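# Coordinates in review
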Amino acid sequence: MSLQGKKIVLAVTGSIAAYKTPHFVRLLVKAGADVKVLITDAAAQFVSPLSLATVSKHPVLANVNDGATWNNHVELGLWADAMIIAPCSANTLGKLANGLCDNLVCAVYLSARCPVFIAPAMDEDMWLHPSTRANMSKVRGFGNHIIPVVHGELASGLIGEGRMAEPEDMVAHLGGFFSEENKQLKGIKALVTAGPTYERIDPVRFIGNFSSGKMGIAIAEALADRGAQVTLVLGPSHEHTYHSQVKTIGVESAHEMYEASMAAFKDTQIAVLAAAVADYRPAMQATEKIKKKETELTIALTKTDDILASLGKIKQPGQTLVGFALETNDELAHAAEKLKAKNADMIALNSLRDAGAGFAHNTNKITLLKRSGVHVALPLQSKKDAAASIVDHILELRHAEKIA
Ligand code: CTP
């Protein structure tokens, strides 16, 4: 991954993850970047400015003025090709979201005209707090790039969301951003469906499924990483994305997902339907809560619209349509049937018989079935890596059809 000649301002703020930043600077320098480091007072409790100065070969700046020297934040902001705030503490995030400026990091951030990357790090409860959620939405809305937190062991000893991305992954993220070769989907619009759908029975109950939305969100992000402008139609899910190139449309039912997808599809060149859409919805939706009376209750169900099949019917040359198939038996045969019946260009098959695959996991094991009859068995890998592989194969399909 090359960052040859790139000028990077790294702002380190107060989180235990700051201890990883000397290694991060080493990796950036190794990749060819010129790195200037800013540090907050809180961060200096976690990592030594001397270590950062040594590996970056520049003085580490902490204040707008150091004694008699003024550290020109405007100049620093203009000097940088990219600014990265890593780790970004909850406190700094709050300041960035609200335009506060009580230290050099905030002053440079407000002065920067270059792309800004934010890699948050905090304990899970802080990460999930509504104020953090709101601040994340705000900073993303300002056009900053978010390097998502990862799941794992936290400083508190808890296991959960909130770890800063690993330095290697952050370097890859920056490298990917600067690499034009990687932006094969620039100018392309994509549609992704993700998550479950909820079909209301009455005002308090619904029929749903265990889909988390993680796989679809990873695909939306992987398409956006390659330069596509993505519309993500997301069913009820606790997951979300802060990717600046992904616009999320939240829906609840299969019908809402159908309407949103049909509206977006006309204008898109790539559609990946990863949602676990309910196949049936209650024929009647009770307006009042159904009371517990009889020993048995029968709910009549009616078929929902098949979104993938509907898009398959109106698909035009130049549009690439990818579906998923979740199977428990005769997997390849069922997936091949879906490929044909729904007029898709590729089906990503998951089998619930594979350990580590399917709904609840952060990993997935996928076999890709293409219209040419080619089957590609991908290894068990993280949903992020699986998503990147799926996008590689979409590109391959489009190259083969000369519509890349
Ligand atoms: N799909 C869809 N709309 C539906 C049902 C499914 O768009 N109403 C899409 C899914 O997003 C997926 C593909 O169709 O891309 C296959 O979904 P799956 O649930 O595996 O298959 P079904 O077609 O629903 O068939 P079955 O449940 O009988 O396996």
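Here, every reference points to the structure presented above.
These lines cover the structure that appears in this document, whether it is placed above or below. No experiment lies behind these values; they were computed from the predicted model shown.

## Digging into helix 13 (residues 383-400)
Helix length check: helix 13 (18 residues) gives 25 Å between terminal C-alpha atoms against 26 Å at 1.5 Å per residue, within 8%. Among all positions of helix 13, only Lys383, Ala386, Ala387, Ser389, Ile390, Val391, His393, Ile394, Leu395, Leu397 and Arg398 are buried. Where helix 13 terminates, the next one or two residues include Lys402, which has phi positive at roughly 55°.

## Concerning the site of the ligand
Lining the immediate surroundings of the ligand are 16 residues, of which Leu273, Ala275, Phe324, Lys338 and Lys342 lie closest. For the ligand, an oxygen atom lies 2.8 Å from a polar atom in the backbone of Phe324. A distance of 2.8 Å separates an oxygen atom of the ligand from a polar atom in the side chain of Lys338. Contact with the protein chains hides 77% of the accessible area of the ligand, taken as 570 Å² for the molecule alone. At 4 residues, the largest contribution of residues to the shell around the ligand is made by strand 18 (residues 320-327). Of the residues assigned to the shell around the ligand, the class counts are 9 nonpolar, 2 polar and 5 charged.

## Digging into the sheet that holds strand 21 (residues 366-370)
Hydrogen bonds between backbone atoms are what pair the strands of a sheet, whose relative direction is either parallel or antiparallel. If you walk across this open sheet you meet the 8 strands as 14-13-10-15-18-19-21-22, and the pairing is mixed. The strands lining the two open edges of the sheet, one partner per strand, are strand 14 (246-250) and strand 22 (375-377). Neighbouring strand axes in the sheet, compared pairwise and without regard to direction, differ in orientation by 15° on average. When strand 10 (residues 189-194) meets strand 15 (residues 270-273), the two strands line up parallel, connected through 4 bridges. Its bridge partner lying in strand 15, Val192 is registered against Val272. Packed on one face of the sheet, helix 10 (residues 254-265) meets strand 10, strand 13 (229-234), strand 14, strand 15 and strand 18 and runs near 170° to strand 10.

What counts, and at which threshold
Residues numbered from 1 in each chain as written. Predicted model: local features only at pLDDT ≥ 70, side-chain atom pairs only at ≥ 80, totals over all residues. Heavy atoms only, no water. Helix = DSSP H or I, 4+ residues; strand = E, 2+ residues; numbered from the N terminus. Expected span 1.5 Å × (residues − 1). Buried < 20%, exposed > 50% of the residue type's maximum accessible area, 1.4 Å probe, protein only. Near = heavy atom within 4 Å. Polar contact = N/O pair within 3.5 Å; in protein donor to acceptor, adjacent residues only side chain to side chain. Areas by Shrake-Rupley, 256 points an atom, 1.4 Å probe, with all protein chains shown as cover. Nonpolar A, V, L, I, M, F, W, Y, C, P; charged D, E, K, R; others polar. Pairing = 2+ DSSP bridges. Axes fitted to C-alpha atoms, helices over the stretch in contact; angles between N-to-C directions. Contact = heavy atoms within 4.5 Å.

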